[in-house]
Amino acid sequence: MKDPFPIPPIPALSAAVQPWADYFNLPTLPLHIHEVLIIAAFYEFIRSVVAPALSSRIFPRQYAALSKTKKLNWDVHVVSFVQSTTINILALWVIFVDDERRQMDWQERLWGYTGASAMIQALAAGYFLWDLCITASHVNVFGLGMLAHAISAVLVYSLGFRPFVNYYSSVFILWELSSPFLNIHWFFDKLGMTGSRAQLYNGLVLIATFFSCRLVWGTWQSVLVYRDLWAGINQGPDFIAGLTSLDKEGHVAISVPGRYTESMRFVTPDTEVPLWLAAVYVASNMTLNSLNFYWFFKMIEAVRKRFDGKEDGVKEKVAVPATNIDGTASGVSTGTEKGAATTRPRRRTILDGEDPDAPPPI
């Protein structure tokens with residue numbers, strides 16, 4: 001399937017990036033660099049123009065009360081919501097309508113290329129490029145952890161322009177199906193709807209999508225990509241673009257599908273799966289899978305703490321020293337005496353973020 005992005009490659013931009021693409025062995029980057037930069041600029045436009053305007057109109061009191069730093073965080077969450085929603089819709093569309101992608105074998109899944117899958121990869125790379133610029137320019141707000149995350153994401157998605165596992169760009173982006181609900185949860189907190197019925201329903205959907213998309217779908221697809229990587233390490237591609245392998249009788253030595261001439265057009269005699277590349281990919285994937293399981297159990301804990309306590313009283317009573325009228329100690333109160341109960345603040349959870357204004361994990 002050809003690249004469905006409405007704006008074709010810009011010749012001057014492609015030519016400008018070509019030396020860098022050659023140096024870093026990213027042959028498909030010139031075809032999609034315009035998508036990366038356009039989508040990054042689009043998200044910045046949403047953050048700086050659309051989000052403030054809409055938020056001031058829809059939530060005038062809440063948005064106006066935010067400090068400059070908190071408004072930045074709010075606007076970033078608006079971008080995150082827009083990005084995760086649109087990229088998921090586009091990825092699902094590509095998976096269902098791209099017939100070339102559906103027919104790919106393990107070699108095409110590793111080294112193959114379709115314009116539609118590459119577009120998904122480019123749009124994701126554009127978002128993480130924008131994210132890198134925002135976190136780097138406001139590192140005092142988002143912290144070094146988010147900066148490291150943004151750098152890693154840009155580097156990993158850039159590897160896809162080799163092309164490398166282009167097929168799986170639409171697969172693993174579906175991890176983000178839970179992200180819109182995570183952003184909605186964050187907005188419920190900021191709008192004073194913490195513990196509301198709406199937040200409960202949203203939390204249940206969040207947990208369901210997180211479990212099905214990240215733990216079930218994501219883990220199974222990780223197993224499949226590991227299998228393809230293992231095959232690629234032990235065997236190179238059967239097809240080299242522009243070359244035909246003939247036997248002594250002059251016949252084609254290896255029979256390959258005719259579609260290879262298009263899907264494998266970026267394969268060269270040097271194409272392989274370097275051990276370092278497979279190790280980096282597998283290590284990154286396993287780390288993210290482990291975090292997904294960790295986050296899942298933390299989210300269940302968060303929902304239980306937030307809503308189960310309502311029946312018993314959300315506030316937990318603790319023992320505190322009681323005093324007489326003259327101020328002298330009279331022993332320890334169990335919290336049962338009238339006026340003696342105090343509350344213990346609810347412990348922060350993964351749904352709250354690392355601090356009151358931490359952006360959600362993407």
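Please read these numbers as outputs of a predicted model, since none were measured by experiment. (Residues numbered from 1 in each chain as written. Predicted model: local features only at pLDDT ≥ 70, side-chain atom pairs only at ≥ 80, totals over all residues. Heavy atoms only, no water.)

Participant: Go over the overall build of the chain with me, naming the residues and quoting the values.
Facilitator: Each helix and strand in the chain was counted, giving 14 helices and two strands. In the chain, once contacts between residues fewer than 6 apart in sequence are set aside, the share between residues at least 24 apart is 78%. When the accessible surface of the chain is totalled, it reaches about 19200 Å², and 65% of it is carbon and sulfur. (Helix = DSSP H or I, 4+ residues; strand = E, 2+ residues; numbered from the N terminus. Contact = heavy atoms within 4.5 Å. Areas by Shrake-Rupley, 256 points an atom, 1.4 Å probe, with all protein chains shown as cover.)

Participant: Lay out the environment of I120 with the relevant residues and their values.
Facilitator: Within the fold, I120 resides in helix 7 (residues 115–137). Taking the C-alpha atoms as reference, I120 lies 8.4 Å from V94; in sequence the two are 26 residues apart. Setting aside chain neighbours within four positions, we find I120 in contact with I87, L90, A91, V94, S169, S170 and I173.

Participant: How would you sum up the pattern of salt bridges? Please name residues and give values.
Facilitator: Across all of its chains, the model carries eight salt bridges by this definition. The salt bridge partner of E176 is R214, with a shortest N-O separation of 3.7 Å. One end of the pair, E176, is in the loop between helix 9 (169–172) and helix 10 (179–190); the other, R214, is in helix 11 (residues 197–234), and 38 residues separate them in sequence. Both residues of the pair, E176 and R214, count as buried. (Salt bridge = Lys/Arg side-chain N within 4 Å of Asp/Glu carboxyl O. Buried < 20%, exposed > 50% of the residue type's maximum accessible area, 1.4 Å probe, protein only.)

Participant: Go over unusual backbone geometry with me, naming the residues and quoting the values.
Facilitator: Here the residue pair R162 and P163 is connected by a cis peptide bond, since its omega of -5° sits within 30 degrees of zero. One can find P163 in the loop between helix 8 (139–158) and helix 9. The phi dihedral of N25 is positive, around 60°, even though this residue is not glycine. For V165, which is not glycine, the phi dihedral falls at a positive 45°. Along the chain, the position of V165 falls in the loop between helix 8 and helix 9.

Participant: Describe helix 7, naming the residues involved and giving the relevant values.
Facilitator: For helix 7, with 23 residues, the first-to-last C-alpha span of 33 Å sits near the 33 Å given by 1.5 Å per residue. The element helix 7 is largely enclosed, with a buried count of 18 among its 23 residues. (Expected span 1.5 Å × (residues − 1).)

Participant: Outline the side chain of N202, listing residues and values.
Facilitator: Of note, N202 is situated in helix 11. Once residues lying within four places of it in the same chain are set aside, the contact partners of N202 are F181, I184, H185 and F188.

Participant: Would you mind going over a nonpolar patch on the surface in detail, with residue names and values included?
Facilitator: There is a patch of nonpolar side chains on the surface, built from L92, W93, F96 and V97 and spanning about 380 Å² of accessible area. Within the element layout of this structure, L92 appears in helix 4 (residues 68–97). Here L92 falls in the partly exposed class, since its relative accessible area comes to 32%. (Patch = residues over 30% accessible without salt bridge, like charges linked within 9 Å, V, L, I, M, F, W, Y side chains within 5 Å.)

Participant: Before we move on, could you go through the nonpolar core and cite the residues and values that matter?
Facilitator: By size, the foremost hydrophobic cluster in this structure holds 33 residues, and its most contacted members are Y43, W74, I120, W130 and I173. The set of elements that each furnish at least two residues to this core consists of helix 2 (29–58), helix 4, helix 7, helix 8 and helix 10. L229, V267, A278 and Y281 belong to the second largest nonpolar core, which has 22 residues in total. (Core = buried A, V, L, I, M, F, W, Y, C linked by side-chain atoms within 4.5 Å.)

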